[in-house]
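This is what each chain is made of:
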Amino acid sequence: MRRDRLLVAVTLVTLLAADIHFILLPRLKNWYHLPRESCECRVTNGSLDNRGATTLTWMMTSQNFTPVSTERSSKLERLFSHPLYNIRLPELGPDELLLQREELRNYYKRKVSRWERLKKFYIEAAAASNITIPDHPVTFDPEASWLQFHLGINRYALYARDDSSVDRLLRDMQTATVISADFTQDEKALKGACDCSQVVKPSGLHLKLALKLQDFGKAMFKPMRQERHEETPENFFYFVDFQRHNAEIAAFHLDRVLDFRRVPPVAGRFVNVTGEILYITHNEELRSVFFISPANNTCFFAKCLYVCKSEYAVCGHPDLLEGSMSAYLPGLSIAPRISIPNPWIRSYSFTGREEWEINPSYCDTVKKLYPYNSGNRLLNIIDMAVFDFLTGNMDRHHYEIFTKFGDDGFLLHLDNARGFGRHSHDEMSILAPLTQCCMIKRSTLFRLKLLAKSEYRLSDVMRESLSRDPLTPVLSEEHLQALDRRLAQVLRTVGKCVKKLGETHVVITDFVESSGVTTRHRGGNKR
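How each quantity is defined
Position numbers for residues start from 1 in each chain and track the written sequence from start to end. The predicted origin of the model limits local features to residues at a pLDDT of at least 70 and limits the giving and counting of side-chain atom pairs to 80 or more, whereas totals for whole chains, interfaces and linings rest on all residues. Excluding hydrogens and water, the side-chain figures rest on all heavy atoms present in the structure. The secondary structure listing takes helices from DSSP runs of H or I that are at least 4 residues long and strands from runs of E that are at least 2 residues long, numbered from the N terminus. Here, two residues are considered to be in contact whenever any of their heavy atoms come within 4.5 Å of each other. Reported accessibility uses the Shrake-Rupley method at a 1.4 Å probe radius. Residues are deemed covered only where the shown protein chains occlude them. Pairing between strands is defined by DSSP: at least two bridges between the two strands are required. Every axis corresponds to a line fitted to the C-alpha atoms, with the helix fit spanning only the stretch in contact, and the corresponding angles, defined between N-to-C directions, vary from 0 to 180 degrees. An angle below 35 degrees is treated as roughly parallel, one above 145 as roughly antiparallel, one from 65 to 115 as roughly perpendicular, and anything else as oblique. By definition, turning the near helix anticlockwise from the far helix through less than a right angle yields a left-handed crossing, and turning it clockwise yields a right-handed one. Gly is put with the polar residues, along with every residue not named as nonpolar or charged; the nonpolar set is Ala, Val, Leu, Ile, Met, Phe, Trp, Tyr, Cys and Pro, and the charged set is Asp, Glu, Lys and Arg. Candidate patch residues must exceed 30% relative accessible area and have no salt bridge, after which like charges are joined if within 9 Å and Val, Leu, Ile, Met, Phe, Trp or Tyr side chains if within 5 Å. For this analysis, a salt bridge means a side-chain nitrogen from Lys or Arg found within 4 Å of a carboxyl oxygen belonging to Asp or Glu. The convention is simple: Lys and Arg are positive, Asp and Glu are negative, and His and the chain ends are not counted. Charge placement uses NZ in Lys and CZ in Arg. For Asp and Glu, CG and CD serve respectively. Exposure categories follow from relative accessible area, calculated using a 1.4 Å probe and restricted to protein chains: below 20% of the type maximum is buried, above 50% is exposed, and the middle band is partly exposed. The criterion for an aromatic pair is that two Phe, Tyr or Trp rings (for Trp, the six-membered ring) have centres within 6.5 Å, with stacked assigned to planes under 30 degrees apart, edge-to-face to planes over 60 apart and tilted to the rest. Distance and chemistry together define a polar contact, namely a pair of N or O atoms within 3.5 Å, with one atom able to donate a hydrogen and the other to accept it when in protein, and with adjacent residues in sequence counting only for side-chain atoms on both sides.

> Give a detailed account of the overall build of the protein, specifying residues and quantitative values.
When helices and strands are counted, the protein shows 17 helices and 14 strands. Restricting to contacts in the protein with at least 6 residues of sequence separation, those with at least 24 account for 76%. Looking at the protein as shown, the accessible area adds up to about 26300 Å², and 54% of this sits on carbon and sulfur atoms.

> With reference to specific residues and values, describe the environment of Ile123.
Along the chain, Ile123 turns up in helix H3 (residues 101-128). When the C-alpha positions of Ile123 and Pro134 are compared, they lie 8.3 Å apart, and in sequence the two are 11 residues distant. Setting aside anything within four residues of it in sequence, one finds Ile123 in contact with Ile133 and Asp135.

> How would you sum up the sheet that holds strand S3 (residues 178-183)? Please name residues and give values.
On the basis of which strands lie adjacent, the open sheet formed by 5 strands has the order S3-S4-S5-S10-S6 and antiparallel pairing. Two strands lie at the open edges of the sheet, namely S3 and strand S6 (266-272), each paired on one side alone. Across the sheet, the axes of successive neighbouring strands diverge by a mean angle of 35 degrees, strand direction being ignored.

> Pulling in residues and values, what's your account of the sheet that holds strand S8 (residues 298-300)?
Spatial strand order, S7-S8-S9: 3 strands in an open sheet with antiparallel pairing. Both outer strands of the open sheet, strand S7 (290-292) and strand S9 (314-315), are each paired with one neighbouring strand and no more. Summarising the sheet, S7 and S8 pair through 3 bridges and their orientation is antiparallel. Residue pairing for S8: Phe290 is matched across the bridge by Phe300.

> Requested: an account of the packing of helix H14 (residues 442-451) against helix H16 (residues 477-501), with residues and values cited.
Between H14 and H16, the least distance of the axes is 10 Å, while the angle of their chain directions is 135 degrees. As far as their axial angle goes, H16 and H14 are oblique. The chirality of how H14 crosses H16 is left-handed. Between H14 and H16, the contacting residues are Leu445, Leu448, Lys449 and Leu451 on the first element and Leu487, Val490, Leu491 and Val494 on the second. Partitioned by chemical class, the residues of the contact of H14 with H16 number 7 nonpolar, no polar and 1 charged.

> Account for a positive patch on the surface, with residues named and values stated.
A surface patch of like charges, here positive, comprises Lys111, Arg114, Arg117 and Lys218. By residue number, the principal contributor to the positive patch is H3, which donates 3 residues. The partly exposed category is assigned to Lys111, whose relative accessible area is 38%.

> Would you mind going over the packing of aromatic side chains in detail, with residue names and values included?
Under the criterion given, the structure shown has 11 aromatic pairs. On the numbers, 5.4 Å between centres and 85 degrees between planes, the contact of Trp344 with Tyr362 is edge-to-face. Placement of Trp344 in the loop between strand S11 (337-341) and helix H10 (355-358) and of Tyr362 in helix H11 (residues 362-366) is noted, with a sequence separation of 18 residues between them. With relative accessibility at 5%, the residue Trp344 sits in the buried group. Residue Tyr362 is classed as buried on the basis of its relative accessible area, which comes to 11%. Between Phe402 and Phe410, the aromatic rings sit 6.2 Å apart at their centres with planes inclined by 70 degrees, giving edge-to-face as the arrangement.

> Got a sec to walk through the environment of Tyr399? Specific residues and values, please.
With respect to the helices and strands, Tyr399 occurs in strand S12 (residues 398-402). Through-space distance from the C-alpha of Tyr399 to that of Ile381 is 9.0 Å; in sequence the pair is 18 residues apart. Excluding anything up to four places from it in sequence, Tyr399 contacts Ile338, Ser339, Ile340, Pro341, Asn342, Pro343, Tyr372, Arg377, Ile381, Met384 and Leu411. A polar contact of 2.7 Å, which involves the side chain of Tyr399, links it to the side chain of Tyr372.

> Could you give an account of the pattern of salt bridges, naming the residues involved and the relevant values?
Evaluated as defined, the whole model comprises 26 salt bridges. Among the charged side chains, a network of salt bridges with common partners joins Lys75, Arg457, Asp460, Arg463 and Glu477.

As structure tokens, this is what we get:
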């Protein structure tokens, strides 16, 4: 009898346990993830006060972030819904916008009129030489995506987090009709004459073209030169490395994931080198560098004399060639920029070394020099170093800023094609600004910590973001995994600084105002 009772009791307990595990627990999980009308853990978006100091109206420690998402949404959507990505800026005044609407429209209307006149002249001249140039009409639209992108540039970033024109611009660069192709301005400046004795070759060596779209937008096309699975050989110097089109695409997506928004929009595209370059170019020199390969593919090469050889060419298959399309910034005549040497510039020689490479206290010297002795410039340099370390880009010899925003403006992260070359190696010297200065923006650190968590893992959100590009997969899986590894390296570096100096000396509040005129010429360094 007792044995029967024991058997019944065991059976009942087993049934109860199964009921809890397979029925009750799943229901509790579903109930837990349902959206609530109200919740005590709810977060309120942060904001920036009028002086620009970051103010967060919700509590968060450097180790603990409040989850705000559900399992059913994508990791990228959850990331961009996080309070760190929804800090409100103050209302932007005219001085904080790069351009004014009417000024920009009138500027480009004049350029369109000039373009129409020159196009008519060139088509007539080409016809006299029995060359047929397609006459694509220009449809200048004041609401065009590229024009809205230019109008959205402000003191804080190239575009707002919720700027829909950026996604429209990406689509337009992928699909819009190309009406003209030409060499870029830096290659034109070479005039085909290059000094072959230079270790670092001029910018015009790297084959890239300026493509004009039917709505008068403009993009820089960089063709594919290296397969995604290929790594840069370990014996290559950084200044002779390939320029990779997929690195430009991935750098834009990484910049947006980090919430820097300092890289112009970049999209991948297959370009028909015959129909979208050769047949529509108005430049006879560009037309002259095209040829048909023995495999019957259409190819072309750079104008520079030391690469005017067929072995340096890029070729379609037979006409289609994949590459990156980078949106142009507003012209220098309406939005001037200046190029400034990076304080942590590398030695562009086979044997030389710069001071920062041999002096661990180099940052103390930099901190005494204008414009790094006040404001955000040094913190922005460290942001750029973190960005370059994640991509593996060792070629950041200069940076650019818009002159209108002065010392408090952000740094443009341009020319990222030498990133993502070696996934198997982490070049720690790129982090020298961080390791030597031991300081980082609070907002940057919080976002990096967030991206190190499994719910927002950097490789996962990058994979998802890049999957939207037509050239997907843009990065190999090895490069995506390297992002997580390098992110951990950055956080360890910050941790060592905090342990050595204390958090208050390392983690710095964003948007510190520069002291302006009083420190303008201290240190005597050139801009």
